[in-house]
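# Structural overview for review
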Amino acid sequence: MAEVIANAVFEKAGIDAEAESRGIFAESGACASDYARLAVRNYGLSLEEHIAKQLTPEDIENADIILTMTAEHKKMLEKVCPAEKLFTLKEYAAGEGGNIADPFGQSPAVYMECAEEIIDCINKLAEKIKNEKGNE
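Residues numbered from 1 in each chain as written. Predicted model: local features only at pLDDT ≥ 70, side-chain atom pairs only at ≥ 80, totals over all residues. Heavy atoms only, no water.

### A few points about the pattern of salt bridges
Going by this rule: Between Lys or Arg on one side and Asp or Glu on the other, a salt bridge is scored when a side-chain nitrogen of the former is within 4 Å of a carboxyl oxygen of the latter. Per-residue accessibility, obtained with a 1.4 Å probe over protein chains only, is compared with the maximum for each type, and a residue is labelled buried under 20%, exposed over 50%, and partly exposed between these values.
All chains considered together, the criterion is met by nine salt bridges. A salt bridge links arginine 41 to glutamate 48; the shortest N-O distance between them is 3.3 Å. In this structure arginine 41 comes out as partly exposed when scored by relative accessible area, which is 46%. On the accessibility criterion, glutamate 48 (42% relative accessible area) is partly exposed. The partner of lysine 74 in a salt bridge is glutamate 91, and the shortest N-O contact between them spans 3.0 Å.

Okay, structure coming up:
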């Protein structure tokens, strides 16, 4: 959900950036869950073409920044990812702690809440990027 939301927000804001989703425990090749597709569809977005991909060393090397949903995920990556490019989404976008909980296996309402939380953070991220670009 974060990838499709981020790319839509970036496009709308005129930000030349691309988000790519990777998973620590992703089943490579898997489709997005029905509830994730439903949640983003409520915002006019689609996950119909989404295919899960496992995080690779090449992804880490090529990324400008790596944002995790939870502090636990961040901790798992600390040994393989440079600290200067590893943050939780909330930490980087809003300067606050906290996690965006994985809705996997929960109700459609939980997926909607998760999507709303991601949208809020991505909007803050877009503002941060625009402000940083304006100060260059």
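### Details of the packing of aromatic side chains
The geometry of an aromatic ring pair is captured by the separation of the ring centres together with the interplanar angle, meaning the angle of the planes. Which entries qualify depends on this criterion: Centre distance within 6.5 Å is the pairing criterion for rings of Phe, Tyr and Trp, where only the six-membered ring of Trp is used; planes under 30 degrees apart are then read as stacked, over 60 as edge-to-face, and the remainder as tilted. A helix here means a DSSP run of H or I that spans at least four residues, while a strand means a run of E at least two residues long, and both kinds are numbered starting from the N terminus. Look at NZ for Lys and CZ for Arg. If either is within 6 Å of the ring centre and within 35 degrees of the ring normal, a charge sits over the ring.
In total, this model carries two aromatic pairs according to the counting rule given. Consider the rings of tyrosine 35 and tyrosine 111, whose centres lie 5.7 Å apart with planes at 70°: the pair is edge-to-face. Of this pair, tyrosine 35 sits in helix H2 (residues 34–41) while tyrosine 111 sits in helix H6 (residues 108–134), and the two are 76 residues apart along the sequence. Here phenylalanine 87 and tyrosine 92 contribute two aromatic rings whose centre-to-centre distance is 4.9 Å and whose plane-to-plane angle is 50°, an arrangement assigned as tilted. By relative accessible area, which is 21% here, phenylalanine 87 ends up partly exposed. Sitting above the plane of the tyrosine 92 ring, lysine 128 keeps its charged end 3.8 Å from the centroid.

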